[in-house]
Amino acid sequence: MPCISADGKLTSDGRMRLERLKAVKAVSAEEIVSVTGEPLFKVRRSLRELKTAGYVEESEGKYTVTEQGLKALNE
Amino acid sequence: MDETAKVTLPRLGGKAPDFEAVTTQGTFKLEDFKGTWLILFSHPADFTPVCTTEFIAFAEIYEELKKRNVALLGLSVDSVPSHIAWVRNVEEKMGVEIPFPVIADLNKEIAMRYGMIHPDQSKTETVRCVFIIDPEGIVRAMLYYPLTTGRNMSEILRVIDALQTTDKNKVATPANWKPGDPVIVPPPTTQEAAKERLEQGYECKDWYLCKKKL
């Protein structure tokens, strides 16, 4: 499922992904796959959506939740 | 369809044409599949009989493909609502869940890039194409089938196995090869190597045609 709905809100899938990211330090798509067993292409797509929405940031292939992402989780 | 739009045909050994696609499971880019094998296949139209049998057949090999690190991605020029309605119909009437995303290529942009429209078959629908793309984004095999003829899943799996065996072992695979069969040793490229080949313990018909068991 997409992480961001058509009206720009976090979907349940998006919320779950952000919660998981919040619980760890910077993590790569491949590391997420090694834990969850999901298809890599779906994880990459989800991270791209969250990054475009400003909820995660990426540095050298590792992703962390932003302040905006933390705020979205609290809404 | 814009007749002046550029039609390209992917080539074996070349980079798979880039795309960003709206699918039944969200938007994907080709780069999302880097690091995995990808089967991108097209079908002419939703709610048609041969296509439905093919979707069921692809669903039946989905787990086998996953074991081989292969993602599956369908495409037709139908819309997302049409795709959703069709896969729901297949699940309801035939009891088969369709687990892979299906691209809605309404403007035929991806279809044109991949040479999926063959006007003598249909000016509006894609023919039955299969592109096997490796983890580096290189097109490794292509199948083009007519509207009338459903594809064979055993052959698609066999080609995946053959390509992965080739990559892992630096060998080729002979006609009708299946996993477990002897593979072809790359032929000698110098006269000296050809002279030595028959003494290297392979199963040879001649210096240029030798097999070995993996």
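What you see is a predicted model; the values in this text were computed from it and never measured.

Cut-offs and rules
Residues numbered from 1 in each chain as written. Chains lettered and ligands numbered in written order. Predicted model: local features only at pLDDT ≥ 70, side-chain atom pairs only at ≥ 80, totals over all residues. Heavy atoms only, no water. Helix = DSSP H or I, 4+ residues; strand = E, 2+ residues; numbered from the N terminus. Rg over C-alpha atoms; globule rule 2.2 N^0.38 Å. 1 Å grid on protein atoms, 1.4 Å probe; cavity = no way out; pocket = protein on both sides within 12 Å on 5 of 7 lines; lining within 4 Å. Points joined across faces, edges and corners; volume = space filled by probe spheres on them. Nonpolar A, V, L, I, M, F, W, Y, C, P; charged D, E, K, R; others polar. Contact = heavy atoms within 4.5 Å. Buried area = accessible area lost by both parts, 1.4 Å probe. Salt bridge = Lys/Arg side-chain N within 4 Å of Asp/Glu carboxyl O. Disulfide = S-S within 2.5 Å. Buried < 20%, exposed > 50% of the residue type's maximum accessible area, 1.4 Å probe, protein only. Polar contact = N/O pair within 3.5 Å; in protein donor to acceptor, adjacent residues only side chain to side chain.

If you tally the helices and strands in chain A, you get four helices and two strands. Going residue by residue from the N terminus, the α and β elements of chain A occur as α-α-α-β-β-α. Compactness check: chain A gives a C-alpha radius of gyration of 11 Å against a globular reference of 11 Å for 75 residues, within 12% of the reference. C-alpha atoms of chain A, sized along the principal axes, occupy 30 × 25 × 20 Å.

The computed volume of the largest pocket comes to approximately 270 Å³. Taken together, Ala29(A), Glu30(A), Arg44(A), Leu47(A), Arg48(A), Lys51(A), Thr52(A), Glu58(A), Gly61(A), Tyr63(A), Glu31(B) and Asp32(B) make up the lining of the largest pocket. Secondary-structure elements contributing two or more residues to the lining of the largest pocket are α2 (29-36) and α3 (40-52) of chain A. At five residues, α3(A) tops the list of elements feeding residues into the lining of the largest pocket. Its residues assigned to classes, the lining of the largest pocket comprises three nonpolar, two polar and seven charged.

Across the contact, 12 residues belong to chain B and seven residues belong to chain A. For chain B, the biggest contributors to the area lost against chain A are Gln25(B), Phe28(B) and Asp32(B); these three give 45% of the whole. Linking chain B with chain A are one salt bridge, by the criterion used here. Where Asp32(B) meets Arg48(A), a salt bridge forms, and the shortest distance between an N and an O atom there is 2.5 Å.

A word on unusual backbone geometry. Although it is not a glycine, Asn69(B) adopts a positive phi angle of roughly 60 degrees. As for its placement among the helices and strands, Asn69(B) is situated in the loop between α1 (49-67) and β4 (70-76).

This brings us to the state of the cysteines. All names here are of chain B. Under the criterion given, the structure shown has one disulfide over all chains. Through a disulfide, Cys204 is tied to Cys210; the S-S separation comes to 2.0 Å. When the S-S torsion is 105 degrees, as for the bridge of Cys204 with Cys210, the disulfide is right-handed. On the accessibility criterion, Cys204 (27% relative accessible area) is partly exposed. Judged by relative accessible area, Cys210 falls into the buried class, the value being 0%. The structure places no disulfide on Cys129, whose sulfur is separated from the nearest cysteine sulfur, that of Cys51, by 12 Å.

So, about the side chain of Thr36(B). Among the secondary structure elements, Thr36(B) is positioned in the loop between β2 (26-29) and β3 (37-42). At 2.9 Å, the side chain of Thr36(B) forms a polar contact with the backbone oxygen of Phe33(B). When near neighbours in sequence (up to four residues on either side) are disregarded, Thr36(B) contacts Leu40(A), Asn69(B), Ile133(B), Asp134(B) and Pro135(B).

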